[in-house]
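# Structural overview
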Amino acid sequence: VLLTTCLCQLHATSKNGFIRVDNIIYQVTDLDKAIASVYRVDPDVTGTLTVPSTIKDASGTEFTVTGLAKGCILNTQITKIVLPSTLLDDTKAGGFQYGSLACPTLKEIALDGNTDFKVVDGVLFNANGHRLEAYPANRPGNSYALPSKDLVAVMPFAFAEAQNLETLTIPTGDFGQWNTEEKESKGCWAYISSLKNYVVEEGNKYYSVRDGVLYKKDAYGKSAYLLVSYPAKKTGKTYTADADIITVEPYAFSEVSDLEEINFSSIEYWIQPVIMNCMNVKKVTAKDSRYLKYKENAIFNEAYLLYYTPSVSGGTYTVPDYVKGIYPYGLSYANFDKVVIPKTLNFIGDHACLNANIKEIDLSQFVGTIWAQTFMGTKLEKVELPAAVDNIY
């Protein structure tokens, strides 16, 4: 018994294990190097949060804090965060992760002697200014212009949860030509809650704006082909993609509050997720193409995997029996009383029901695989898994 107790104390902290210190939970990202990341900050934390450069676990072992996990302060009431000198940028193992500073109340980002990052006009960049890492969501002012010098990429969810930002200006020149080392990831314009319109300065080679909506130009720089982002607070009940728009970028419609109907008749393909948390969208019009199928007010890919179905208030949604699977994010943010899964379905993809307001999911006929984080953020109180489920990630 004594030996077992000693061994338990010795190995109390392991790689990917967790350490609580006061109101912060840390995750061990490298046990051999004794480094950890901020994993979650308690929701009742308010005011200024100073992230320490080192912490100790229960055994007294010291860990260096080098990273922040995605969404780690999202549910807090923090107005200012002070980042430690030990924080590494996101290209390094165990470093800062994109989306980690998304927090509706955050007004200020400060650095305590850190050399991997810099703050310019209240906005966090990496040290050489190539990447915009995070824009404080509650930063004062209703407009922001991206710097025209040095900037190469905006990281995913950098502007997420913005409360005051109404106009975002994209500079002239080469911004938008992502290189292989610091390539922009999908979702860099996602969840800008307060945005009303985009502005693109004359001379930008890669972006264009039509009626406040952001598009990507074609290879010749003459017209648009890719719908990049529709501002969340743009007014209007309907949107129809122009005939030359053939594809849509992930998160192009995120937290859009006014839209009720989207016409995607010109769209040939997209990769999920595209329409996220647009709770008033009741109808999506589309036509069959090589890559997309439209049927019964829902969008599928060519293999009839469910891509998207508009959220309606309440009621029961029975997934059609010709559907072979639910693609990642296929029911994300859906608002149904009940969803019925048919026996013809082979799998339910990762994040398929992300943040969905679904009260009940009938899996009684389901035979197949449930992927990772399928029910993350749902309102489900109970999940019954039939014996025929053959794999759960």
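A brief report on the enclosed structure follows. Every chain's residues receive numbers from 1 upward, in the order its sequence appears when written. Local features in this predicted model are restricted to residues of pLDDT 70 or higher, and side-chain atom pairs are both shown and tallied only at a pLDDT of 80 or more, whereas totals for entire chains, interfaces and linings draw on every residue. For the side-chain quantities, the full set of heavy atoms in the structure was used; hydrogens and water were omitted.

## Things to note about the overall build of the chain
Our working definition: For helices the rule is a DSSP run of H or I covering at least 4 residues; for strands it is a run of E covering at least 2, with both sets numbered from the N terminus onward. In this setup the radius of gyration rests on C-alpha atoms only. A globule is expected at 2.2 Å times the number of residues raised to 0.38. Throughout, a residue-residue contact means that at least one pair of heavy atoms, one from each residue, lies within 4.5 Å. Computed with the Shrake-Rupley method and a 1.4 Å probe, the accessible areas treat only the protein chains shown as cover for residues. By the counting scheme adopted, Arg and Lys are positive, Glu and Asp are negative, and His together with the chain ends is not counted. Lys charges are placed at NZ, Arg charges at CZ, Asp charges at CG and Glu charges at CD.
Within the chain one finds 1 helix and 35 strands. Here the chain has a C-alpha radius of gyration of 23 Å; the compact-globule value for 393 residues is 21 Å, and the two agree. Expressed along its principal axes, the backbone C-alpha trace of the chain runs to roughly 65 × 60 × 35 Å. Considering only contacts within the chain whose residues lie at least 6 apart along the sequence, 44% involve residues at least 24 apart. As presented, the chain carries roughly 18000 Å² of accessible surface, and 49% of it is formed by carbon and sulfur atoms. Once the 36 positive and 44 negative side-chain charges of the chain are each reduced to a mean point, those two points are 3 Å apart.

## Let's talk about the nonpolar core
Note the threshold: What we call a nonpolar core is a set of buried Ala, Val, Leu, Ile, Met, Phe, Trp, Tyr and Cys residues that are connected through their side-chain atoms within 4.5 Å. Each residue gets one of three labels from its accessible area relative to the maximum for its type: buried under 20%, exposed over 50%, partly exposed in between, using a 1.4 Å probe on protein chains only.
Membership of the largest hydrophobic core comes to 29 residues, with the highest contact counts inside it found for Val-38, Ile-73, Ile-81 and Leu-101. For this core, the elements supplying multiple residues, two or more each, are β2 (24-30), β3 (35-41), β6 (62-68) and β7 (77-83). If near-sequence neighbours (up to four positions away) are discounted, Ile-73 is found in contact with Val-41, Leu-49, Ile-78, Ile-81, Ser-100, Leu-101, Ala-102, Cys-103 and Leu-106. Ala-241, Val-256, Val-284 and Leu-292 belong to the second largest nonpolar core, which has 27 residues in total.

## Some remarks on unusual backbone geometry
Residue Pro-273 is reached from Gln-272 by a cis peptide bond, and omega for that bond is -5 degrees. Relative to the helices and strands, Pro-273 is located in the loop between β23 (269-270) and β24 (275-276). The phi dihedral of Glu-255 is positive, around 60 degrees, even though this residue is not glycine. Along the chain, Glu-255 falls in the loop between β21 (253-254) and β22 (261-264). The backbone of Asn-277 shows a phi angle near 55 degrees, a positive value even though the residue is not glycine. Along the chain, Asn-277 turns up in the loop between β24 and β25 (283-286). Its relative accessible area of 24% is what places Asn-277 among the partly exposed residues.

## Re the sheet that holds strand β14 (residues 167-170)
Spelled out, the test is: One bridge is not enough; two strands pair if DSSP finds at least two bridges between them. Geometry is summarised by axes, namely lines fitted to C-alpha atoms with helices restricted to the contacting stretch, and by angles between N-to-C directions that run from 0 to 180 degrees.
Read across the sheet, 3 strands follow the order β12-β14-β15 without closing on themselves; strand pairing throughout is parallel. Looking at which strands have only one partner, the edges of the open sheet turn out to be β12 (143-145) and β15 (197-200). Here the strands of the sheet are splayed against their neighbours by 15 degrees on average, with no regard to which way each runs. When β12 meets β14, the two strands line up parallel, connected through 3 bridges. Each bridged residue has a counterpart across the sheet, and for Tyr-144 the counterpart in β14 is Leu-168.

## A closer look at the state of the cysteines
Defined as follows: Sulfur atoms of two cysteines make up a disulfide when they are within 2.5 Å.
The tally for this structure, following the rule as stated, stands at 0 disulfides. This cysteine, Cys-103, is not joined by any disulfide, and Cys-72 carries the nearest cysteine sulfur, 9.4 Å off. Just so you know, Cys-278 is unpaired, no disulfide at all, and the nearest cysteine sulfur is the one on Cys-188, 17 Å from it. Cys-278 gets classed as buried once you look at its relative accessible area, which sits at 3%.

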